[in-house]
Amino acid sequence: MNHLYKGKAKYILTWALALLFAAITLYASNYSFAPHYFHSNLTPATNTTNEKVTNNIIVDTPPVKKTRADSVILKDSLVVVTDTINFKTSKDSLDAPVDYHADDSMVLDVPTGKITLYGKENRVNYIDNELTAPQIEFDQKTSLVSAYLVKDSNGTPVSFPTFTQADFKSVSDSIKFDMKTGKGITKGTYTKQDEIFVYGRSIKKVDANVFYALDGRFTTCNYDTPHFAFVSKKIKFINKKMAFTGPVHPEIEGIPLPVITLPFGLFPLSQGRRSGIIAPTFTANEQLGLALEGIGYYKTFGDHWDAVARGTIYSYGGWTASLSPRYYKRYHYQGSFNINLQHFRDIDKSGGRNFNVTWSHSADTKSRPGVTFSANVNAGSSKFNESVPNSPQRNFQNTMNSSITYSKVWKDKPFNLTVSANHSQNTVSKLINLNLPDIGFNVNTLYPFRSKESVGDYKWYENLGVALNSNVKSLTYFYDTAANIGKQLIDKLQWGGSHNVPISLSLPPLGPLQIAPNVSYQEYWYQNRVEKKWNSTTKKIDTTISKGFYRANEMSFGLSGSTRIFGMIGFGKNSKVQAVRHEIRPSIGFSYHPDMNGKDHYTLQIDTTGKNYVRASIYDGNIFSAFGEGKSGAITFGIDNNIQMKVRSKKDTGEAAIKKVTLLDGFSINTSYNLLGDSFQLAPFSIQARTNLFDKINITASGTTMPYLTNSRGAFVDKLVWSKKPFSLGTLTSGNIAVQTSFKGGDKKEKLPVSQDPSQQQLNPSTGMPLDEYQQEASYINKNPAEFANFNIPWSLSFSYSLTYNRIPNADYSAYTGSVSQNVSFNGTLNLSPKWQLGGSGYYNITTKELGGVSLSISREMHCWQMAISLSPVGTRRFFNLSISPKSSILRDLKINRTRYFYDL
């Protein structure tokens, strides 16, 4: 019986399994399962969300709605295939995946729902938050992430927790962060805002841009224990914008200075341009009194304009004011104006009023291809430079120059046009010259015999080219001390024109010889016709000027040839000097021009003796000089030399061991001989030499000699000098020699500080505006070199010497006088210790035996601070300056400055 029941039970179980398999098969035909539809929980907590596993951290996958595309027809019946299981989203789910990495190991505590990462640099990334720490703990129930520092057996921290969110980054002892709200709190935290280092005993972050610090300090010193800081109990930071504090006081070397306590503090942290007040500095001037210098205001006007207004007030009643607007449009143009006013009252109540205007403008050539416009204007009162207080270098500048230029090049055309206006001013003579307009029109070389579609090489006649160079301009001048400037401008106005048509032909080389023929036509337009006569009654030269339109022309024909000759002397492979190579570049040419302007020249008596005469032209004194008289058939010849040697270096091997050393960059002599001249047929010799010895000493020299004898008055006579001095090149009429060198110790890659030219402004990459916020920065560097010392260079020395000679006739032509000018300038630095540097610079005029511009400086490196003392003990303008200031530019106005200037009247 029991056996019967067992048989029936086995039979029933078999049918039950069959029915279950059929049900599963039918269900599988209606629904498709895949492994990714299943999920697992890290904790036993009930979770009914649609989830997937990413690095063992559970994240939600939003439900997918069923569409018509999800239905298929099987065996003439509609079968719905569902690929989505809808779940309700859990309230504690996160908004994005969490990526993590553990250097050493990960511990998963399922009952508490916590994950702990161990290692030196564990990492967790969530949206834009990145956390790096030696120990990180994640609590799934609260969505809190905690990070802690870890110390080794010696108590030394292995690494610190680092938190980064957007452009905020901090290093802390411990961090707690809520991944849902984005809020967090840190302990012992360091962070940086632009150039400011911030520390807070406790920092609370409320969102991506705002955080609060308790017992905080901020400084520009990057040490953990800074040399100086500003300390406040509570600080609110708006990231990259502003910091607000309660009562704040400075702290130096950890010592608080509560005496200097402010009730609150506002500290701008924003980058780019922001309007605000410019802090002044206190200076003293012997003639003008105490001064509040440089107080002003900086104002922005949109993205393309800003302006700086500054002023200085003196205790004796004087003042200065300046307005400096600037403009910039990326890829189009940039420029700046500067208007300066001076109103001085000296100790004796006397003074003067002066002004100065500068304008610089440049256009981007890509904005208008083929068109350029630039301006560089510097003009004003002749006494402005010498009246600038506390600026010795500006006081010695006695020239001002301006230039405004517009140019256009026509696309696919051989034409180009240039229109300019120029100004030059001598502040000593008070003479102001104006050149406006100055128009130049040029036609590039045209080849009339070339076809538009040429095949193969050009025929020799197809290289015949014709060009045109035209220039028309006007000049005038006036003295700013004279009255009626407008009448001066009209009376002194001159104009003129020049046209040149060069014709050239490029012939193929004839072996080692290059031949080039040429033809040139020139024409000048003149405004004045000048005739001078000796007046025996007044015993003076009378001058008659006739105004009108006059022209003169000249033609010349030429043929030139040049070649190169090489010579070498070898000394053997084992010699240090491998070889010496000498290159000679001779050239010879022939030129001819007919006498087309002899009728415009005449003989003029110049003194009462009746024996001294000169040849003059009716076009003397015009803008363009008069053409010479007489026909000329001249042979021109010259020679240039270059000497180099190959030296084997003991430090290198192979091809790198052989180095070329230039002994003589060039030594040339050029002259010409007029075959058709009736006198002085041999032209003066032009001699030039240049070399750079050992890549250290740069030497350049040039001179002009006249190969003729002289009479008792020093004038040259038509007799060659070799008749009496066979080994002479003649009388030196002009010459100059310049020697420059510099040496420095330490790393050769280190560079000495160089002041920046204010006209060459760099651009801020974030704003596009000129980086130099104040035009006075460059001059400040020049006046205070000690504050910009490079302590990585143990010593440096630069030296320059120049000599100039000119043979000048006396005013009455009775004799000639040689004028010699010699100048020496030097500059050097010496590190007395790794933190102290001594510097000096000076200028000495050997001719006048005057010492000018000598300055001494001493600098002290103090990590985040710098101290500099500069003084000029000699000269007509002496000064003394003491400055102690932070290195950071954001605190450049927080400085101790003491300056005194002394003037010799």
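How each quantity is defined
- Residues numbered from 1 in each chain as written.
- Predicted model: local features only at pLDDT ≥ 70, side-chain atom pairs only at ≥ 80, totals over all residues.
- Heavy atoms only, no water.
- Buried < 20%, exposed > 50% of the residue type's maximum accessible area, 1.4 Å probe, protein only.
- Helix = DSSP H or I, 4+ residues; strand = E, 2+ residues; numbered from the N terminus.
- Pairing = 2+ DSSP bridges.
- Core = buried A, V, L, I, M, F, W, Y, C linked by side-chain atoms within 4.5 Å.
- Contact = heavy atoms within 4.5 Å.
- Polar contact = N/O pair within 3.5 Å; in protein donor to acceptor, adjacent residues only side chain to side chain.
- Phe/Tyr/Trp six-rings, centres within 6.5 Å; stacked < 30°, edge-to-face > 60°.
- pLDDT = per-residue confidence, 0-100.
- Salt bridge = Lys/Arg side-chain N within 4 Å of Asp/Glu carboxyl O.

**Description of the pairing of strand β5 (residues 98-101)**
Stage number 1. Alternating residues of β5 divide into Val98 and Tyr100, all buried, and Asp99 and His101, none buried.
Stage number 2. Bridge count between β5 and strand β7 (residues 114-126): four bridges; the pairing is antiparallel. Following the sheet pairing, Asp99 is matched in β7 by Asn125.

**Topic: the nonpolar core**
Stage number 1. In terms of nonpolar packing, the biggest core is built from 35 residues, with Leu131, Ile136, Met179, Phe218 and Phe237 touching the most fellow members.
Stage number 2. Looking at this core, the elements that each hand over two or more residues are β5, β7, β8 (129-139), β9 (144-148), β14 (174-178), β16 (196-205), β17 (210-219) and β18 (228-238).
Stage number 3. If we ignore the near neighbours within four places in the chain, the residues touching Phe218 are Ile196, Phe197, Val198, Ala229, Phe230, Ile235, Thr245 and Phe267.
Stage number 4. Counting twelve residues, the second largest nonpolar core, distinct from the first, contains Tyr524, Tyr602, Ile618 and Tyr619.

**Some remarks on the side chain of Thr283**
Stage number 1. Mapped onto the elements of the fold, Thr283 is located in strand β24 (residues 281-285).
Stage number 2. Of the polar contacts made by the side chain of Thr283, one reaches the side chain of Glu293; its length is 3.4 Å.

**Digging into the packing of aromatic side chains**
Stage number 1. Inspection of every chain in the model, using the stated rule, returns 24 aromatic pairs.
Stage number 2. Here the aromatic rings of Phe228 and Phe230 are separated by 6.5 Å at their centres, their planes lie at 85°, and the arrangement is edge-to-face. Accessibility classification places Phe228 together with Phe230 in one group, the buried group.
Stage number 3. Measuring from centroid to centroid gives 5.3 Å for Trp305 and Tyr327, while their planes differ by 40°, and the two rings are tilted. Of the two residues, Trp305 is situated in strand β26 (residues 305-314) and Tyr327 in strand β27 (residues 319-329); the sequence distance between them amounts to 22 residues.
Stage number 4. Note on Trp305: relative accessible area 39%, which makes it partly exposed.
Stage number 5. By relative accessible area, which is 7% here, Tyr327 ends up buried.

**Topic: the confidence of the model for the protein**
Stage number 1. Considering every residue of the protein, the mean pLDDT works out to 80; 82% of them sit at 70 or more.
Stage number 2. Overall, residues 23-78 carries pLDDT values under 50, and its contacts beyond four positions in sequence, including any with other chains, amount to 90 contacts.

**Things to note about the pattern of salt bridges**
Stage number 1. Counting across every chain of the model gives 13 salt bridges.
Stage number 2. The salt bridge partner of Arg326 is Asp306, with a shortest N-O separation of 2.5 Å. Here Arg326 is found in strand β27, whereas its partner Asp306 is found in strand β26, with 20 residues between them in sequence.
Stage number 3. You can call Asp306 buried: its relative accessible area is 0%.
Stage number 4. Close ionic contact of Arg564 with Glu583 constitutes a salt bridge, the shortest N to O distance being 2.7 Å.

**A closer look at unusual backbone geometry**
Stage number 1. Going from Leu436 to Pro437, the amide bond is cis rather than trans, its omega being -10°.
Stage number 2. Note on placement: Pro437 falls in strand β33 (residues 431-446).
Stage number 3. One non-glycine residue, Asp412, lies in the positive phi region at around 60°.
Stage number 4. Considering the arrangement of structural elements, one finds Asp412 in the loop between β31 (399-409) and β32 (415-426).
Stage number 5. For Lys539, which is not a glycine, the phi torsion comes out positive at approximately 55°.
Stage number 6. Its place among the elements puts Lys539 in the loop between β36 (514-535) and β37 (540-562).
Stage number 7. Given a relative accessible area of 53%, Lys539 falls into the exposed group.

**Structural notes on the pairing of strand β35 (residues 494-505)**
Look at any regular strand and the pattern is simple: side chains alternate between the two faces of the sheet.
Stage number 1. Alignment of strand β34 (residues 464-479) against β35, held across ten bridges, turns out to be antiparallel. Across the sheet, residue Val466 finds its bridge partner in β35, namely Ile503.
Stage number 2. As defined by bridge partners, β35 adjoins β36 across eight bridges and the pair is classed as antiparallel. Note on β36: the bridge partner recorded for Gly497 is Trp525.

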